[in-house]
Amino acid sequence: MKEFIINTDEIANLISSLPADKWDILAPAKDGKSFDYVLSSDKPIINSEAPPSKISFKEYFFPKSETLFYYKREANEISLTEPKFAEKKLLVLAAKPCDAASLPILSKVFNWDYKDEFFNKRVNNSVIIGLSCAYSDESCFCTSVGLDRNNTKGSDIFLTPFNDKQYVLSVVSDKGDSFVKEFLPNLTEFTGTKETKEFIDNKPFDYKKTKDWIAANFENKIWAETGEVCIGCAQCAFVCPTCHCFDIVDENCDLNCGRRIKNWDACQFGVFTKHASGHNPRNSQEKRYRQRVSHKFDYYYEKFGEVLCTGCGRCTRGCPAGIDIGEIVFSISNQ
Amino acid sequence: MPDLIEIAKGLLESKEVSFIIGYTKDRFGRVKPYIAKSVEDANNLMFDHHSIHNLAVYLTRLKIPENGRVGIVAKSCDIKAIIALIQENQIKREQVYIIGMNCSGVVTHSTDEWKKENIQIKCKYCADKAPMLYDAVAGTAEPFEQPDDTQEVLMQKLETMSSAERWDFWAKEFEKCIKCYACRQVCPMCYCEQCLAEKNQPQWITTSPTPAGNFSWNIIKAFHMAGRCVGCHECERACPMGIPLTLLTRKMGMVAGKEFNYRHGMAIDQPTLVGSYNFNDNEDFIK
Amino acid sequence: MNIYKPELVEIKDIIEETPDIRTLRLQFKNPETQKAFAFKAGQFAEYSVFGEGECTFCIASSPTRPEFLECSFKMAGKVTKAMSKLNIGDTMGLRGPYGNHFPIEDMKGKNIVFIAGGIGMAPVRCIIWNVLDLKDQFKDISIIYGARTVADLVYKNELEDWKKMAGVKTVVTVDPGGETPDWNGEVGFVPSIVEKVSPKAENTVAIICGPPIMIKFTMPVLKKLGFKDDDIITTLENRMKCGLGKCGRCNIGSVYVCKDGPVFTYTQMQQLPDEF
Ligand SMILES: Cc1cc2nc3c(=O)[nH]c(=O)nc-3n(C[C@H](O)[C@H](O)[C@H](O)COP(=O)(O)OP(=O)(O)OC[C@H]3O[C@@H](n4cnc5c(N)ncnc54)[C@H](O)[C@@H]3O)c2cc1C
Ligand code: SF4
Ligand code: SF4
Ligand code: SF4
Ligand code: SF4
Ligand code: SF4
Ligand code: FES
């Protein structure tokens, strides 16, 4: 891995020098009380110690609402047209490792067999600069799902703070390499050693073992216990970097035109699996909560060899009912 | 005064209630809703200024036996929701055993300190912090410094705006909505078996989280709260996008108060505003 | 390629099967697409009415008759209601074919028993014609079909055709009380009719589709007759949206019904968590 030293003003320079007609910059910024990824913010915050944004950056790769195609009816003829795709590239600056890692995880479901070009185009069109993380609270558990503070999974370039004014910039992918060559050609190579903060995992578990337990315990009182206070919103799924469920609906502009759209959806909604006949395979919140945990820690792993969770803790921080998914998996690991 | 755990134990031991909806602390000290089903469970119950959740929501979410009774730990503002549910015939008075809590104001996040800046605005207006309908009372209310009503400031600002500006303000706020429906799910007054947002024949609400779809959802949700919102602020707390949802419901509540001298959730035998008509009703607001 | 964009199809014919079931005969607007469209019996597709949305139906016509595609649907909700108002010449959208298929190659050289109830006949009809069109490659064929009432029977003409075919035993039944005065078929629920017909299990594959309750009560009958779990094949219907293994809606455990199904053997079905 090639490593360079980069100064904070070189980063500021990069931000101001990227041609605005070709690049959008997405970076954390403070919006009221909470952090968020903000597009073209004039005050991006590049700070390892900042908490994770309230909602992940997946919206920029898998938008909350995305047009699949437009249709138009003229006389009795129907024509379909493709949506226009933004030509601009996206630079994500200071992505948390637990956000960056979600892209290769999501890529599995969006590319097994059929390829979702909407997701792929957006990912291919972006460069992710990850930033080593020095934050932690009761909700996160990235080390339990095979990640860590300095994990470069999903990043093209990775920054590790070196001192107050400098970062070590590691080139992770070919895409990152071309980006550095094009926009940061004059960096000095780094040869020293980096120091990073240790992560205290509050809820260490072995995800391989918990997978086996979940697979063997479809019927278990734990699901009723954890699901009973869940109120069945989709806060957890929508703030989550790895949840990828969606709905497909049509929206008319008038009688003769409209579009088909893909909208975020979530397994916590009662209508998610309800048939037109009224039959519902997941007819209680317990079953729906079981699906959430099982999909993340068993089904996805079974199918794609990855846990559908980066341990970012967002779902927990925002849950109106105080449900902590990490605690549930942690308690499973202690069964 | 007997404490919460003692009361709860007694109720569960005598089987007077089948379970108690209350609060507990997890091993990190974070407060969360909890269902106590046994005398041992009762030991886990607690109440403090982090007990922000309005547990009345569970009265319609959980299965309550038709002729059975359940216990609920409720602070003054939650009791309004319980009363409102009784007024709206969603539960019967006999079905709930209310353990009213003397409350010292609540703060939003588990990490928030109990101090002026963090205390909920609703607590400022909570008449005497003492439960108004209960079967038992527990806890002690400590005096606290009243929070500033930043919402009122914002409301006044909105009042002075032109309607176009106001529209822009809301358009910008609603634009953020991701249609997670946390505001609906957490609301004790949203209990419809099938929400209008889930009906597709006809489709009242565009389901997409687009500007148009969000407007229809947020406005319809607010309208359905007219004269029914009990001001618990749970929707706003739950909203991951930080949309100031209670600005709308509070304004409507104020209209109901001013025009009809009505407040929801004040007395179980009072007819609801929406469910009653009075010839003397002021209709000035219909313009 | 935009995997969500359907191809345009034209409605060439409409058959009103029952008061709430219709069969549409569809043909791709683009003849090249029609020629290139290949599918296997048991697969499904996503059909769309632009402005209303998409819904999932199996392909009810046989791959041995590739000039057109047919689907039979029951009026259930938004899209099916819109589809019930369409006319010949109207345009729809179609994506597919998706999912796995009946193991027709493995069925060759064997006796086949088809058991269907109600609209569950749609996927079965596809494989019936597929088998009948290649009849010399199979042994004895039995068809047992039941509906609630005489009026609810689908493919009425075809049922008559099958009855007349040599080497095909066709038994049609209606639920008690669903018969008309001139009804000459059986009266009784599908499970008891299967017991009465009593097909032999030796070297036989059973394909069974219908309402869950029918399947539930027919299984023990088949077991009693000596059918092995591997030789009983059925289809599952979970709510679907994408049909592509992406939208996350159709899973039963780690199985995506839209990709790993909808066709399952009874052995496979028993390994799934009980959530369908
Ligand atoms: C693999 C498969 C094959 C099917 N084959 C047939 C068939 O041949 N004939 C037939 O009549 N029906 C079939 N169904 C059921 C059919 O898909 C639904 O009846 C139909 O989607 C209802 O759509 P709607 O828009 O009218 O109803 P709405 O309730 O308005 O449907 C809204 C959405 O719910 C989904 N949905 C509703 N009910 C069901 C259901 N029972 N199963 C799956 N998804 C559902 C659809 O995706 C639809 O987009 C099949 C389902 C599956 C999964
Ligand atoms: S776990 Fe929490 S956020 Fe998720 S659906 Fe349940 S209540 Fe909502
Ligand atoms: S499930 Fe929760 S902790 Fe895991 S990735 Fe999603 S939001 Fe983060
Ligand atoms: S947890 Fe639920 S919403 Fe998230 S990806 Fe899995 S099924 Fe979808
Ligand atoms: S609308 Fe909001 S403030 Fe009003 S009752 Fe519902 S959750 Fe509480
Ligand atoms: S909680 Fe907020 S984001 Fe979610 S649906 Fe309600 S207004 Fe929209
Ligand atoms: S229908 Fe979308 S994943 Fe199966």
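Criteria and cut-off values
Residues numbered from 1 in each chain as written. Chains lettered and ligands numbered in written order. Predicted model: local features only at pLDDT ≥ 70, side-chain atom pairs only at ≥ 80, totals over all residues. Heavy atoms only, no water. Near = heavy atom within 4 Å. Helix = DSSP H or I, 4+ residues; strand = E, 2+ residues; numbered from the N terminus. Buried < 20%, exposed > 50% of the residue type's maximum accessible area, 1.4 Å probe, protein only. Contact = heavy atoms within 4.5 Å. Domains from an automatic or database assignment. Buried area = accessible area lost by both parts, 1.4 Å probe. Salt bridge = Lys/Arg side-chain N within 4 Å of Asp/Glu carboxyl O. Arc of directions from axis to C-beta. Polar contact = N/O pair within 3.5 Å; in protein donor to acceptor, adjacent residues only side chain to side chain. Axes fitted to C-alpha atoms, helices over the stretch in contact; angles between N-to-C directions. Parallel < 35°, antiparallel > 145°, perpendicular 65-115°, else oblique. Nonpolar A, V, L, I, M, F, W, Y, C, P; charged D, E, K, R; others polar.

**Re the site of ligand 6**
Phase 1: If you check the shell around ligand 6, you find 14 residues, and the closest are B:Cys177, B:Cys180, B:Tyr181, B:Cys183 and B:Cys239.
Phase 2: When contributions to the shell around ligand 6 are tallied by element, the ones reaching two or more residues are helix H8 (182-185) and helix H9 (211-223) of chain B.

**Considerations on the environment of A:Tyr114**
Phase 1: Its location among the elements puts A:Tyr114 in the loop between helix H3 (102-111) and helix H4 (117-124).
Phase 2: Judged by its relative accessible area of 23%, A:Tyr114 is partly exposed.
Phase 3: Taking C-alpha positions, A:Tyr114 is 30 Å from A:Gly313, a pair spaced 199 residues apart along the chain.
Phase 4: Each residue touching A:Tyr114, except ones within four places of it in the same chain, is listed here: C:Ile3, C:Pro97, C:Tyr98, C:Leu244, C:Lys246 and C:Lys259.

**So, the domain arrangement of chain A**
Residue and element names in this part refer to chain A.
Phase 1: In terms of domain boundaries, chain A breaks down into domain 1 (3-61 + 84-189) and domain 2 (207-243 + 266-333).
Phase 2: Each of domain 1 and domain 2 has a C-alpha centre, and these two points are 28 Å apart.
Phase 3: At the interface, 29 residues of domain 1 touch 26 residues of domain 2.
Phase 4: Where domain 1 abuts domain 2, roughly 2200 Å² becomes buried across the two surfaces, and 58% of that area is made up of carbon and sulfur atoms.
Phase 5: For domain 1, the biggest contributors to the area lost against domain 2 are Lys58, Ile105 and Phe141; these three give 26% of the whole.
Phase 6: Along the contact surface separating domain 1 from domain 2 lie four salt bridges.
Phase 7: The partner of Asp137 in a salt bridge is Arg317, with the nearest N and O atoms 2.7 Å apart.

**Some remarks on helix H5 (residues 174-183) of chain A**
Residues and elements named next belong to chain A.
Phase 1: All buried positions along H5 are accounted for by Gly176, Asp177, Phe179, Val180 and Phe183. The buried residues of H5 all sit within an arc of 165° when viewed along its axis, so they share a single face. For H5, the exposed residues set more than 90 degrees away from the buried face come down to Asp174, Lys181 and Glu182.
Phase 2: Sitting at the amino-terminal end of H5 is Ser173, which places a side-chain oxygen 3.3 Å from the backbone nitrogen of Lys175.

**Observations concerning the packing of helix H6 (residues 150-160) of chain B against helix H7 (residues 163-175) of chain B**
Residue and element names in this part refer to chain B.
Phase 1: The geometry of H6 relative to H7 is characterised by a closest axis approach of 8 Å and an angle of 135° between their N-to-C directions. Between H6 and H7, the crossing angle belongs to the class labelled oblique. Facing H6, whose interface residues are Leu154, Leu158 and Glu159, H7 presents Arg166, Phe169 and Trp170.
Phase 2: In terms of residue class, the contact of H6 with H7 is made up of four nonpolar, no polar and two charged.

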